[in-house]
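Residues per chain are reported as follows:
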Amino acid sequence: MARKITIEPVTRVEGHGKVTIQLDPQNNVLDSRFHIVEFRGFERFVQGRPYWEAPVLVQRLCGICPVSHHLAAAKAMDVIVGVGPDGLTPTAEKMRRLMHYGQMFQSHALHFFHLVSPDLLFGVDADPAIRNVIGVAMKFPDLAVQGVMMRKFGQEIIRVTAGKKIHGTGAIPGGINKNLSVQERDEFLKGADPMNIKKMIEWAQAAVNLFKDYHKKNKDFIDSFAAFPSNHLSLVRKDGALDLYHGVLRAVDADGKKILNDVDYQDYLKYVGEEVRSWSYMKFPYLKSLGKKDGWYRVGPLARLNTADFIPTPLAQKEFEEFKAYTNGKPNNMSMHMHWARLIELLHSAEMIEQLLNDPDLQGDKLVAKGTKVKEGVGLIEAPRGTLFHHYRINDNDQIEMANLIVSTTNNNEPMNRAVNWVAVNQISGKKEITEGMLNAVEVAIRAYDPCLSCATHAIGKMPLEVTLVDAEGNVVDQKRK
Amino acid sequence: MLNNVKCLVYGYGNPGRQDDGLGIELALRIENDEHLSKYVDVDYNYQLNIEDALTISEYDLVIFADAALNIDKPYELTKIQPAHTITFTTHELSAESILALCQDLYNKKPESYIMAIRGYEWEMGLPMTSKAKCNLDDAYTFLTKFIENYFARCMAGKGI
């Protein structure tokens, strides 16, 4: 009997995902698909709203990375108010950068300590009852406390730069609405241990080392699991440096050849298309120059370290050199190395926060720049999970009449499908029994990309995970819930 | 804080999505209550996360407030215990998991409850439904009395 395995985490009203693996009667994989029910209503929701509301409104889209949406929308509105992406005052740009690197720091710390470290510390096949952040807290409490404090530090950076925890208002079209006081600055620079940036840098370095130690002992798994060649896309600074806030758009192929050579992202529609496939609600972006079949790409930490020439902070640069040397300078196409890249970015973010905190421009009083308004603007940012596109057009009444968003998880749609297929073919195909470990392997592959499955709403009473086996006639033959 | 007894009301959800903001709205009402706000702290966020274990470790009584889909009453206050379980998805933790983390990492176990308030609609950008607002009113009235009684018991030496 042919079977279909479905892994369906339904934790939110919208934005859930599920994995479907179609097996033949011998349990060989016929096909696999990773579905995410993407919420697209937002683009209609903002139509008719005044453009200056966009940076606050877009935070309603996602409770996980509201800062990224806030800043991407603000960057698009900078263009619309005629300031342009490069016209902010130094205080405004650096305050936004501080907010953004605070967001990257807390998001990457959360991902590593909450999501990845249980797999690394207990093993992918370990009992799910202990393979989680609470298991880490019980067995490795010092590490778990580090995760908590790093998250809290990043959240505090966001709070003082965005103004509040929910629906922050820090970034406005053309600038920001507050600077950083000396007292706020000193809390981060000179706070009692561990809540100061020196300790955060030390812990970020330790997290990189923890991964490297694990890698040494588990080379085969880390290097081969869900590895496949791909193109890579991200922003880079104009001189080729890693830059998570602003830059030009660069893409390289699996061998490192530039296929998008530092172009202005205002023209992204010339270079990036979005394919619709009948079985998925989520689009599949691709580089137009390579076409739908070959133009798909990865975004996120791995892609960023593959496109950048260097990292402009010393400790992260040293780690970057080791990372690049591992693949002889060629792009790294190993999905599990996404964790390594993410931790190097964690370290870089901590170093950037320190640099920014020591910059007196943050206490400047020129907060907003002015220009001549135009009708259309694009804002791009490197969100924790990858490149985030915001594109808006306004009418004569200053109302938004068109919005187009391509979020990081959408950019990684095809790579996540490839990763799931890798697991299906290499670890599930032909096996007589589907074990918990195999199902977790699917999750591990997805988790490397840290997709935003659970956007926006949160309410008690939703089912966390459902696994359903369906035969060729559509009958449910087995069902598991986690 | 009152007589060294600390109470926190922590609302979570997305106020940009109709009834999903019920938990935060309840926390904001407490914050704006001239009387209660003198001795009850309030916090809120889109969702619970690991650092909240540290936050709640500093309190004796914690009320987590959230919107709920699956209750048949306007609201329900339930005492919770630490739970060492975790769900597949990653970017959220339950109140019970936060309590477990608090116990494991900080050796503290505040008396904790979930105030679940029934919601009905979750669309982006639309106002809270009138039925949900009624439930919020009822939940607020009940919680106010509950907290006052808790402090009264503490002051009488019978609490905690």
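**Comments concerning the sheet that holds strand S13 (residues 386-394) of chain A**
Residues and elements named next belong to chain A.
Link 1 in the chain: Read across the sheet, three strands follow the order S12-S13-S14 without closing on themselves; strand pairing throughout is antiparallel. Among the strands making up the open sheet, the edge pair consists of strand S12 (376-383) and strand S14 (400-406). Taking the axes of each pair of neighbouring strands and ignoring which way they run, one obtains an average angle of 15 degrees across the sheet.
Link 2 in the chain: Note: S12 against S13, eight bridges, orientation antiparallel. Note on S13: the bridge partner recorded for Gly377 is Tyr392.
Link 3 in the chain: Contacts between helix H3 (residues 66-80) and the sheet are confined to S12, S13 and S14, with S12 contributing the most and set at about 150 degrees to the helix.

**Some thoughts on the nonpolar core**
Link 1 in the chain: Core analysis: the largest hydrophobic core is formed by 151 residues, its most contacted members being A:Met150, A:Ile197, A:Phe225, A:Ile353, A:Tyr392 and B:Phe64.
Link 2 in the chain: The greatest single-element share of this core, amounting to 15 residues, is contributed by helix H4 (residues 90-122) of chain A.
Link 3 in the chain: Each of domain 1 (3-40 + 418-481) and domain 2 (59-411) of chain A accounts for three or more of the residues forming this core.
Link 4 in the chain: The contacts of A:Met150, once residues within four sequence positions are left out, are A:Phe105, A:Gln106, A:Ala109, A:Phe113, A:Met200, A:Trp203, A:Ala204 and A:Leu346.
Link 5 in the chain: If you look at the next biggest cluster of nonpolar residues, it comprises 30 residues, including B:Ala27, B:Leu61, B:Tyr113 and B:Phe151.

**Comments concerning the environment of A:Ala303**
Residue and element names in this part refer to chain A.
Link 1 in the chain: Along the chain, Ala303 falls in helix H12 (residues 301-307).
Link 2 in the chain: For Ala303, a relative accessible area of 0% translates into the label buried.
Link 3 in the chain: Aside from chain neighbours lying at most four places away, what touches Ala303 is His232, Leu233, Ser234 and Arg298.

**Quick word on the domain arrangement of chain A**
Residues and elements named next belong to chain A.
Link 1 in the chain: Examined at the domain level, chain A breaks down into domain 1 (3-40 + 418-481) and domain 2 (59-411).
Link 2 in the chain: Across the contact, 28 residues belong to domain 1 and 35 residues belong to domain 2.
Link 3 in the chain: Both faces combined, the contact of domain 1 with domain 2 buries some 2,800 Å², and carbon together with sulfur accounts for 59% of it.
Link 4 in the chain: Counting across the interface, domain 1 meets domain 2 through one salt bridge.
Link 5 in the chain: Asp119 serves as the salt-bridge partner of Arg447, at 2.8 Å between the closest nitrogen and oxygen.
Link 6 in the chain: Elements represented by at least two residues in the side of domain 1 that touches domain 2 include exactly strand S3 (29-36), helix H16 (413-428) and helix H17 (436-448).
Link 7 in the chain: No other element matches H17, which puts eight residues into the side of domain 1 that touches domain 2.
Link 8 in the chain: In terms of residue class, the side of domain 1 that touches domain 2 is built from 16 nonpolar, five polar and seven charged.

Rules and cut-offs
Residues numbered from 1 in each chain as written. Chains lettered and ligands numbered in written order. Predicted model: local features only at pLDDT ≥ 70, side-chain atom pairs only at ≥ 80, totals over all residues. Heavy atoms only, no water. Pairing = 2+ DSSP bridges. Helix = DSSP H or I, 4+ residues; strand = E, 2+ residues; numbered from the N terminus. Axes fitted to C-alpha atoms, helices over the stretch in contact; angles between N-to-C directions. Contact = heavy atoms within 4.5 Å. Core = buried A, V, L, I, M, F, W, Y, C linked by side-chain atoms within 4.5 Å. Buried < 20%, exposed > 50% of the residue type's maximum accessible area, 1.4 Å probe, protein only. Domains from an automatic or database assignment. Buried area = accessible area lost by both parts, 1.4 Å probe. Salt bridge = Lys/Arg side-chain N within 4 Å of Asp/Glu carboxyl O. Nonpolar A, V, L, I, M, F, W, Y, C, P; charged D, E, K, R; others polar.

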